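These are the residues of each chain, in order.
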Amino acid sequence: APCRSVLTVACEQTEVLLFDPISSKHIKTLSEAHEDCVNNIRFLDNRLFATCSDDTTIALWDLRKLNTKVCTLHGHTSWVKNIEYDTNTRLLVTSGFDGNVIIWDTNRCTEDGCPHKKFFHTRFLMRMRLTPDCSKMLISTSSGYLLILHDLDLNKSLEVGSYPILRARRTTSSSDITSSGSSGPRAVGSPCHQNDSGPLSEKHLSRSSQREGGSPRNSLEVLTPEVPGERDRGNCITSLQLHPKGWATLLRCSSNTDDQEWTCVYEFQEGAPVRPISPRCSLRLTHCIEEANVGRGYIKELCFSPDGRMISSPHGFGIRLLGFDAQCRELVDCLPREASPLREIRSLYSHNDVVLTTKFSPTHCQIASGCLSGRVSLYQPKF
C-alpha cells in the first residue's frame, strides 16, 4: 500500500495474502479472491485496491471490509495480467492476453461494476504501464515490440486507423545515432494491424510536427528495443516497469529460445524529430546486465526503488540490487555515452526456489520478494 501499512501478495491458487510489513505478521488470506490464478494487485489509494486474474475478471477490495468484494468487473475475454490507475481522472486501466486495454470509470462504480470501454488492441500483448504523469502508455509484446502512446488521452478510444503512427524502428545507442547518417536506420513493421505497418508517411509527420514536441494526442510509436546479444535473434519483453520520475523504462527480455535473459534500462529522449522526414527514436539503451537463466518459462517481475536510484531484480533463488554506477547515483547524473553494464550493489538469497517477483516499500528501506514455491521474504538491507 502507498502508506506501507499492508503488503499484498497475489498467488497462483486463487488467493490473496495480506501481511503487516513492519512485524511480518500474516493479517488475512482471501482464499477465494478469484476463480483462477491471481496475477496482479494495484492500490488505488491507502484503502482501495484492485486484483486481476486468469478468470478474466478484475475485483475491487476495501481494506476496511475484506469479507466481500466492492465489485467485480467483467470485460476481458482472456487472462488479465496488468492493472494501472490514473489518480487524476480516477480511471482504472487493465490489459490482458486478449490483446485489449480496457478503461474503467471508478467515478461511477456500483455493486454491479463500473462503466468501461475498450481503449486499444494489439496482438501478443504482455504488459502495459502508464508513466507517473499519465502522459504516455507503454505496451510490451511477446514478439519483442514496444509500443508507446504519446500525449495520452484515456477518454478517447482508439480504433484501427484512428491513431497516427509516429515512428517504427529499432531503438539505438549513442554510437548508432552518430553513424546512422541522414537516412536513419531501417524501419520495422507494426504488430498491431497490417494496414498500420511500415514507416511514418510524410502526411502524418507534417501533422504531428504542428504540435509542440511533434506528437498529436494518442500517437503511436512502435519500437524493437535493442537487446545485447540479440541483434540477429528475436526476443520477448516479459516484464515492463517505469522509472518513478518518468525518466526511463526498465525491461526484462528473454530470447526466443529462452536461453538468455537481460535486464535493460532505456532513457526517454523527448523533443521533436530533428527533421520532419527523419523519424526519431524515443528510447536509448543506457544500461544492461545479463540475468541468471533459471526458471525457464516463468516471468520475473523487477522494479525500481522509490527514488529511482536502484533496481531490484530476481536472480535465481534470490534478488540482485543493481545501480547505474557504484555510488548509486541518479540516472540523469551518470548517463553514459554508450550502453554500460548495470553495477551489482548487493545480492540477497533466502529462497529455496526461483524468485519470480520483487518490490520495494514505497516509504521505508525494505524489499519484498516471492518465489515459485510460495515463500515471501522481507529484507532491510544495510550498506
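Residues numbered from 1 in each chain as written. Predicted model: local features only at pLDDT ≥ 70, side-chain atom pairs only at ≥ 80, totals over all residues. Heavy atoms only, no water.

Enquirer: Mind showing me how you'd approach the environment of serine 78 here?
Expert: Looking at where serine 78 falls in the secondary structure, it is placed in the loop between β7 (71-74) and β8 (80-86). In the structure, serine 78 is positioned 22 residues away from asparagine 100 in sequence and 9.3 Å away in space, judged by C-alpha atoms. (Helix = DSSP H or I, 4+ residues; strand = E, 2+ residues; numbered from the N terminus.)

Enquirer: What exactly am I supposed to notice about the pattern of salt bridges here?
Expert: Note that side chains of opposite charge can pair when their charged atoms are close. Going through the model one piece at a time under the given rule, you end up with 18 salt bridges. Here glutamate 267 makes a salt bridge to arginine 284, at a shortest N to O gap of 3.2 Å. Taken together, the residues span a long stretch of sequence, with glutamate 267 in strand β19 (residues 261-268) and arginine 284 in strand β20 (residues 283-291) at a distance of 17 residues. Each member of the pair, glutamate 267 as well as arginine 284, is classed as buried. (Salt bridge = Lys/Arg side-chain N within 4 Å of Asp/Glu carboxyl O. Buried < 20%, exposed > 50% of the residue type's maximum accessible area, 1.4 Å probe, protein only.)

Enquirer: Mind showing me how you'd approach the packing of aromatic side chains here?
Expert: In this description, an aromatic ring pair is defined by two values, namely the gap between the centres and the angle between the planes. Overall, the coordinates contain three aromatic pairs when judged by the stated rule. Centroid distance tryptophan 79 to phenylalanine 97: 6.0 Å. Interplanar angle 35 degrees. Geometry classified as tilted. With tryptophan 79 in the loop between β7 and β8 and phenylalanine 97 in the loop between β9 (91-96) and β10 (100-105), the pair connects residues that are 18 residues apart, well separated along the chain. Three or more aromatic residues link up through ring pairs in this structure, and these residues are Phe43, Phe49 and Trp61. Directly above the ring of phenylalanine 97 sits lysine 81, whose terminal nitrogen or CZ lies 5.2 Å from the centroid. The positively charged end of lysine 136 is found above the aromatic ring belonging to phenylalanine 268, 5.6 Å away from the centroid. (Phe/Tyr/Trp six-rings, centres within 6.5 Å; stacked < 30°, edge-to-face > 60°. Lys NZ or Arg CZ within 6 Å of the ring centre and 35° of its normal.)

Enquirer: Looking at this structure, I do not really get the side chain of serine 95. What am I missing?
Expert: Its place among the elements puts serine 95 in strand β9. Apart from residues no more than four positions distant in its own chain, serine 95 is found in contact with His76, Val80, Lys81, Asn82, Asn100, Val101, Leu125 and Met128. (Contact = heavy atoms within 4.5 Å.)

Enquirer: Whenever I open this one, the pairing of β9 confuses me. Can you help?
Expert: Within a regular strand, the side chains alternate between the two sheet faces. Summarising burial for β9: six of the six residues are buried, a large majority. Summarising the sheet, β8 and β9 pair through six bridges and their orientation is antiparallel. Residue aspartate 86 lies in a different strand from β9, and its bridge partner there is leucine 91. Where β9 lies against β10, five bridges are found, and the strand directions are antiparallel. Counterpart to valine 93 in the pairing with β10 is isoleucine 103. The loop that links β9 with its antiparallel partner β10 comprises three residues; one of these, glycine 99, has a positive phi angle of about 85 degrees. (Pairing = 2+ DSSP bridges.)

Enquirer: Looking at this structure, I do not really get unusual backbone geometry. What am I missing?
Expert: Negative phi characterises most residues that are not glycine, and trans characterises most peptide bonds. Although it is not a glycine, threonine 56 sits at a positive phi angle of roughly 75 degrees. As for its placement among the helices and strands, threonine 56 is situated in the loop between β5 (48-53) and β6 (57-62). Its identity as a non-glycine residue notwithstanding, cysteine 134 has a phi of 60 degrees, on the positive side. As for its placement among the helices and strands, cysteine 134 is situated in the loop between β12 (125-130) and β13 (137-141).

Enquirer: Help me understand the sheet that holds strand β2 (residues 16-20), please; the structure alone is not making it clear to me.
Expert: Sheet strands pair via backbone hydrogen bonds, and the direction of the pair is either parallel or antiparallel. Ordered in space as β1-β2-β3, the three strands form an open sheet in which the pairing is antiparallel. The sheet is open, and its two borders are formed by β1 (7-10) and β3 (25-30), each paired with just one other strand. Between one strand axis and the next, the sheet turns through 25 degrees on average, direction left out of account. One ladder, built from four bridges, connects β1 with β2; its direction is antiparallel. (Axes fitted to C-alpha atoms, helices over the stretch in contact; angles between N-to-C directions.)

Enquirer: Help me out: how do you make sense of the nonpolar core in this one?
Expert: In a soluble, globular protein the nonpolar side chains are often hidden away together inside. In terms of nonpolar packing, the biggest core is built from 19 residues, with Val93, Val101, Phe119, Phe120, Met137, Ile139 and Leu154 touching the most fellow members. Put simply, the parts of the chain that give this core at least two residues each are β9, β10, β11 (116-121), β12, β13, β14 (146-150) and β16 (219-224). Per element, the largest residue contribution to this core is three residues, and it comes from β12. (Core = buried A, V, L, I, M, F, W, Y, C linked by side-chain atoms within 4.5 Å.)

Enquirer: Would you mind showing me how to read the UniProt feature "repeat: WD" (unreviewed entry) in the protein chain here?
Expert: Mapped onto this numbering, the UniProt entry annotates "repeat: WD" (unreviewed entry) at residues 31-64 and 73-105. Secondary structure content for residues 31-64 is 0% helix and 53% strand, and the end C-alpha separation is 17 Å. Each end of residues 73-105 is marked by a C-alpha atom, and these two atoms are 11 Å apart; helix forms 0% of the span and strand 64%. (UniProt positions renumbered as here; feature names shortened; annotations may be inferred.)

Enquirer: Looking at this structure, I do not really get the sheet that holds β7. What am I missing?
Expert: Taking strand neighbours across the sheet as the criterion, the four strands line up as β4-β5-β6-β7 in an open arrangement whose pairing is antiparallel. At either margin of the open sheet sits one strand with a lone partner, and together these are β4 (38-43) and β7. Taking each pair of neighbouring strands and ignoring which way they run, the sheet shows an average axis angle of 20 degrees. Relative to β6, β5 is paired through five bridges, and the arrangement is antiparallel. Across the sheet, phenylalanine 49 pairs through a bridge with tryptophan 61, a residue of β6.

Enquirer: Is there a simple way to think about the environment of tryptophan 104 in this case?
Expert: As for its position among the elements, tryptophan 104 is in strand β10. Put simply, tryptophan 104 and lysine 117 are 13 residues apart on the chain and 6.9 Å apart in space, counted from C-alpha to C-alpha. When neighbours within four sequence positions are excluded, tryptophan 104 is seen to be in contact with Ile58, Leu73, His74, Gly75, His76, Arg90, Leu91, Leu92, Thr94, Cys114, Pro115 and His116. Here threonine 94 takes part through its side chain, which lies 2.9 Å from a polar atom of the side chain of tryptophan 104. (Polar contact = N/O pair within 3.5 Å; in protein donor to acceptor, adjacent residues only side chain to side chain.)

Enquirer: I would appreciate a short explanation of a negative patch on the surface in the present structure.
Expert: A cluster of acidic residues, Glu12, Glu32, Glu35 and Asp36, forms a negative patch on the protein surface. Tracing the chain through its elements places glutamate 12 in the loop between β1 and β2. Take glutamate 12: its relative accessible area is 52%, and that puts it in the exposed class. (Patch = residues over 30% accessible without salt bridge, like charges linked within 9 Å, V, L, I, M, F, W, Y side chains within 5 Å. Areas by Shrake-Rupley, 256 points an atom, 1.4 Å probe, with all protein chains shown as cover. Lys, Arg positive; Asp, Glu negative; His and termini not counted. Charge placed at Lys NZ, Arg CZ, Asp CG, Glu CD.)

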